[in-house]
Amino acid sequence: MKKILIYTVCALVTVILYLLSPFIPAFFYSQQYATNNTDHMIIIGHRGGASLAPENTLACYRKGIEAGADMIEIDIHLTRDGHVVVCHDESVDRTTDGKGLIRELTLDEIRQLHIVDRNGQQTNERIPTLEEVFQLFQEVRSNGNPCKLLIEIKRTRNIYQGLEEKLLEQIYQNKASEWVTVQSFNDFALEHIHELDPCIRLEKLLFCKLPLLPFIIDGYHISRFSYEKYSYVRSFNFHYHGIWYSLLNDIHAHNKEVKIWTLEDLNAPALNVDGIITNRPDIWVEHRKNN
């Protein structure tokens with residue numbers, strides 16, 4: 001019995017170390033971009049620039065745009081009555097003074113809530129609708145700012161039926177196909193968008209790829225990976241500790257891009273990636289200017 005327990009523990013430790021192995025190399029890379037050329041890197045404000053203002057609010061998007069971000073990243077969900085709203089979590093518990101799952105709340109109920117800041121203090125900001133975000137970008141772009149939009153579809157299990165169709169409808173209404181990119185951990189969401197409109201730029205979110213095996217960890221799942229499977233995807237967006245030199249080079253050799261998320265400061269593996277998704281677009285934009 002004791003031997004079985006020891007073998008079980010050893011096997012479990014081996015599996016855990018294997019699953020963590022993709023994240024280990026990044027800790028040994030240079031952690032500064034001081035000597036690297038970042039001119040070609042796209043700087044993306046994560047949730048707008050979540051360290052600049054309360055995340056996923058119109059105020060935060062304005063801050064990220066004013067900081068010089070090339071793109072602003074947002075997260076979308078579907079309310080009980082079919083409206084597309086912008087929030088990172090499935091529930092409003094963490095980011096507002098209310099409680100409940102977005103899919104179980106109506107838009108009117110959600111609009112009564114106030115966004116809270118990182119200290120839990122109530123603000124005047126509300127959870128925005130996707131339509132309001134597009135209105136903001138139309139205003140910004142009409143004034144000559146070329147900032148683009150990266151929209152993450154927050155689809156899990158079988159929820160949010162019809163979200164992809166509603167997203168495309170708003171993209172078309174705003175004539176935004178050229179400046180909107182869609183990303184997701186969820187393969188169904190990406191595949192469905194591609195089926196509906198092959199011209200929309202799509203990017204695959206993932207934590208890491210497992211060494212020596214054709215599998216990736218995306219969200220809470222382990223999925224099969226191949227370039228053929230993701231032929232329609234333009235970029236693979238990794239956790240910043242989940243990518244290593246040889247994999248990055250291989251992805252580039254297949255004419256795909258790599259972006260890394262989510263960075264708070266300049267302490268990141270100095271890899272030749274194509275984009276930085278960060279809570280501090282201001283310091284990355286400034287760093288790029290001075291490089």
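Preceding this paragraph is the structure being described.
These numbers come from a predicted model, not from an experiment.

## Looking at the pattern of salt bridges
For the structure on display, the rule yields 18 salt bridges. Residues Asp187 and Lys204 are paired through a salt bridge, measuring 2.7 Å at the closest nitrogen-oxygen approach. On the criterion of sequence distance, the pair formed by Asp187 in helix H6 (residues 187-196) and Lys204 in strand S6 (residues 201-206) is long-range, its members being 17 residues apart. The shortest N-O distance in the salt bridge between Lys259 and Glu203 comes to 2.9 Å. Here Glu203 lies in strand S6 and Lys259 lies in strand S11 (residues 257-263), a separation of 56 residues in the sequence. A relative accessible area of 1% means that Glu203 is categorised as buried. Overlapping salt bridges, with partners in common, bring together Arg47, Glu55, Asp89 and Arg94 in one network.

## Describing the packing of helix H5 (residues 163-173) against H6
Where H5 contacts H6, the two axes come as close as 10 Å, and the packing angle between them is 50°. In this view, H5 runs oblique relative to H6, as classed from their interaxial angle. Classified by chirality, the crossing of H6 by H5 is right-handed. Of the residues in H6, those touching H5 at Glu164, Glu165, Leu167 and Leu168 are Phe188, Ala189, His192, Ile193 and Leu196. Of the residues belonging to the contact of H5 with H6, the class tally is 6 nonpolar, 1 polar and 2 charged.

## Considerations on the packing of aromatic side chains
Pairs of aromatic rings are described using the distance from one ring centre to the other and the angle between the two planes. Summed over the entire model, instances satisfying the criterion amount to 10 aromatic pairs. With 6.1 Å between their ring centres and 15° between their planes, Phe137 and Trp179 make a pair best called stacked. You can see Phe137 sitting in helix H4 (residues 130-142) and its partner Trp179 sitting in the loop between H5 and strand S5 (180-184), a full 42 residues away along the chain. This pair shows no difference in class: Phe137 is buried, exactly as Trp179 is. Among the aromatic residues, those joined into a cluster by ring pairs are Phe225, Tyr227, Tyr230 and Phe236.

What counts, and at which threshold
Residues numbered from 1 in each chain as written. Predicted model: local features only at pLDDT ≥ 70, side-chain atom pairs only at ≥ 80, totals over all residues. Heavy atoms only, no water. Salt bridge = Lys/Arg side-chain N within 4 Å of Asp/Glu carboxyl O. Helix = DSSP H or I, 4+ residues; strand = E, 2+ residues; numbered from the N terminus. Buried < 20%, exposed > 50% of the residue type's maximum accessible area, 1.4 Å probe, protein only. Axes fitted to C-alpha atoms, helices over the stretch in contact; angles between N-to-C directions. Parallel < 35°, antiparallel > 145°, perpendicular 65-115°, else oblique. Left-handed = near helix turned anticlockwise from the far one by under 90°. Contact = heavy atoms within 4.5 Å. Nonpolar A, V, L, I, M, F, W, Y, C, P; charged D, E, K, R; others polar. Phe/Tyr/Trp six-rings, centres within 6.5 Å; stacked < 30°, edge-to-face > 60°.

That's the geometry; what it means functionally is another story.
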